[in-house]
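Residue strings, one per chain:
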Amino acid sequence: MSNMMSERKRLTRIFKMRGLSIQAPALNALMNVLRRENDHPSGDDILFAIIDEVKERMIQRGGSGGGGGGANQFIVTTDLLEQVVADLSRDENDVTEEAVQLLDAFKTPRLGYDVMRKQFSLTRFGKEGRSICGEALDKVEMFAQRYALIQQRILRQDIFQPKLVTATTSRRHGRGYDGGENITLTPVESLLGRSGRRFLLGMIVQVEEGKYYLEDPTGQVPLNFSHASLLTDGFVTENCIVLVEGETIDGVLLVHNMGKYMQHNETTNENNDKNNYNNKNNNNNNNNVNITHNSGNPIVENRSDAIHAIGLQNTDIFHSIGSLSELQKLRQQELQHGQDGTFVILSDVHLDNPTVIENIDKMLDGYSDFDPLPIFVLMGNFTSKPLSGAADGTKAMISYYEDLANTIGKYPRMAKEGRFVFVPGRNDPGISGVLPRGPIPKYFTAALRSKVKHALFVSNPCRIRYFTKEIVFFRDDLVSKLRRHSLLEPRDDDDDDGGTSADLILSRHAIKTVLDQGHLSPLPLSASPIYWQWDHALRLYPFPDALVVGDRVRQFYENYEECDAVNPGAFSDGGHFVVYTPIAAVEDGEVTKSDVEFSQIE
């Protein structure tokens, strides 16, 4: 007893020498910790490490140890002591484990923009009632928010910022932006009675069968794509938001440029354009038509610029970074341990194909000795064709997942420690016709869940946080859908010398389309239905650090505005997959690059 009392007095004295006062329950907890570490050769070092961390946190909190200020200042509470001990007790495996956080589409916070107040807001999951059965106003709000997020992004660009001194030469000659004057967006309703070139931002909509309009919150104007050409890469489809430069002629908007660069097309002869329009207008007797000569996608900004504009609190959708100090601490952990993590990504894993099961076995055998183990992301479809909803189809689907569970079970360490993330495809069980779609029902995956400890069945799309990096996983046939519904032929790649395959060029157009639009499915709702109240789960603003799209085309990688865009290819067709390392190199205290490795089972 006397030894315990003397130890309490000694610890209390040490805290007072550091300018701290410790509560009796906290002192009891500290003595229990030190008793467990009694055999440690540096027991006092542990004590001083705890005291230093406690004091640093109290200073960051303004001197409070968990209560308020005033009389409670510099008093160490049990809660604060438990937090410090827990953080100091973590090893490398704990850090890596906590660094990975998965976010389901139906739990994604909603980032909104108030046009009147010019403010962003992030509404957490559960703070508002949402339903898969939305009302008509939800559909209006969905498109209004898509437009508002792109509009505020564009208006913050330099060429749209008002200048104190403006040039008049380009106005007199009717030229586009030359770098010397600012550009003002004109609402559709303001076109009436105005002459000269104007810049508009609007969404392409189909109000009548076969007739497309440019629409913004103020009105609509018909479009005619007979003279259209693209200034930017990507597809232009219905429901895409585009930036337009044009002028009104006899009540018609004649569009000269459509795209983010807004440069004057020197090859365009304005008189010929007007004559061509007048001849066509006389022949068709069709007024109020917008004839498009050049077109493209709106201006983009990288992730860091977007976060700076929106604010850290409004971009922390994972609710894991409470302050700048916590972000800095997470970055320090990222620099120390981030290079250890890799993602092995497979798409179109057809479990009804015996060859696919054999290739999975070979792949797991190759990674079984890795430390730490990679994170395996398997994307659908998990069968080569949709299975019947009858009893025989259900039994077959269950047996396929059992086969996969048995294959993983051959490697006990994989089954116990390995993390397997399953992203469903369109053909997989569940409600699959509308985005975002939920995970595969537990009824089909019970055997796999019981044998593989960390089998995670998620929504499509889903997001994963790896330290400070955000990765979006999405399974869809984007290239074929965008190509099928494209209103204009994509422009030729000026940088291509003819050595790039058509598949890769189309993949580049598809990736740039979804990133420019800030949305995973910028398609007509008839082609890609969306739950109106969950549209925010498909948005890509701010850009993620990586976008992984499982498509049925060839493997693809491109870094676009600091975002890694990856397609792992079809695992069922030749055993193709991708190994993605979010943090591949660190130099001078900064993450310098990621790494994408195309792989194949032979």
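Look a little higher up for the structure.
Residues numbered from 1 in each chain as written. Predicted model: local features only at pLDDT ≥ 70, side-chain atom pairs only at ≥ 80, totals over all residues. Heavy atoms only, no water.

Can you tell me about the environment of H319, naming the residues and giving the values?
Mapped onto the fold, H319 is located in the loop between α10 (312-315) and α11 (324-337). Judged by its relative accessible area of 60%, H319 falls in the exposed class. With 195 residues separating them along the chain, H319 and R124 place their C-alpha atoms 8.6 Å apart. A distance of 3.2 Å separates a polar atom in the side chain of H319 from a polar atom in the side chain of R124. (Helix = DSSP H or I, 4+ residues; strand = E, 2+ residues; numbered from the N terminus. Buried < 20%, exposed > 50% of the residue type's maximum accessible area, 1.4 Å probe, protein only. Polar contact = N/O pair within 3.5 Å; in protein donor to acceptor, adjacent residues only side chain to side chain.)

For the pattern of salt bridges, give the residues involved together with the corresponding values.
Tallied over the entire structure, the rule returns 20 salt bridges. The salt bridge involving E417 is made with R413; its shortest N-O contact spans 3.5 Å. Highlighted residues: E417 and R413, both in helix α14 (residues 412-417), separated by four residues, approximately one helical turn. A relative accessible area of 46% means that E417 is categorised as partly exposed. On the basis of relative accessibility, which here comes to 29%, the residue R413 falls in the partly exposed class. A salt bridge links K512 to E558; its shortest N-O distance comes to 3.8 Å. Of this pair, K512 sits in helix α17 (residues 502-517) while E558 sits in strand β19 (residues 556-560), and the two are 46 residues apart along the sequence. Comparing K512 with E558, the two get one shared label, buried. Three or more residues joined by partner-sharing salt bridges are found here, namely D233, R508, K512 and E558. (Salt bridge = Lys/Arg side-chain N within 4 Å of Asp/Glu carboxyl O.)

Residue-level account of the pairing of strand β5 (residues 119-123), with values.
Where strand β4 (residues 110-114) lies against β5, five bridges are found, and the strand directions are antiparallel. Residue pairing in the sheet places G112 in a bridge with S121 of β5. The turn joining β4 and β5, which pair antiparallel and follow one another in sequence, is formed by four residues; a positive phi near 55 degrees is taken by K118. (Pairing = 2+ DSSP bridges.)

Requested: an account of the side chain of N381, with residues and values cited.
Among the secondary structure elements, N381 is positioned in the loop between β13 (375-379) and α13 (391-409). Of the residues examined, N381 reaches a relative accessible area of 9% and is grouped as buried.

Can you tell me about helix α15 (residues 442-451), naming the residues and giving the values?
Of the positions making up α15, those classed as buried are F444, T445, A447 and L448. The buried residues of α15 occupy an angular sector of 130 degrees when the element is viewed end-on, so they sit on one face. Among the exposed residues of α15, those pointing more than 90 degrees away from its buried face are K442, Y443 and S450. If you follow the buried residues of α15, they end up packed against α13, β14 (419-423) and β15 (454-457). (Arc of directions from axis to C-beta. Contact = heavy atoms within 4.5 Å.)

Kindly report on helix α6 (residues 136-155), identifying the contributing residues and their values.
Taking 1.5 Å of rise per residue, 20 residues should cover 28 Å, and α6 covers 29 Å from first to last C-alpha, within 8% of that figure. Buried within α6 we find M142, F143, Q145, R146, Y147, A148, L149, I150, Q151, Q152, R153 and I154. (Expected span 1.5 Å × (residues − 1).)

Purely spatial values, then, with no claim about function.
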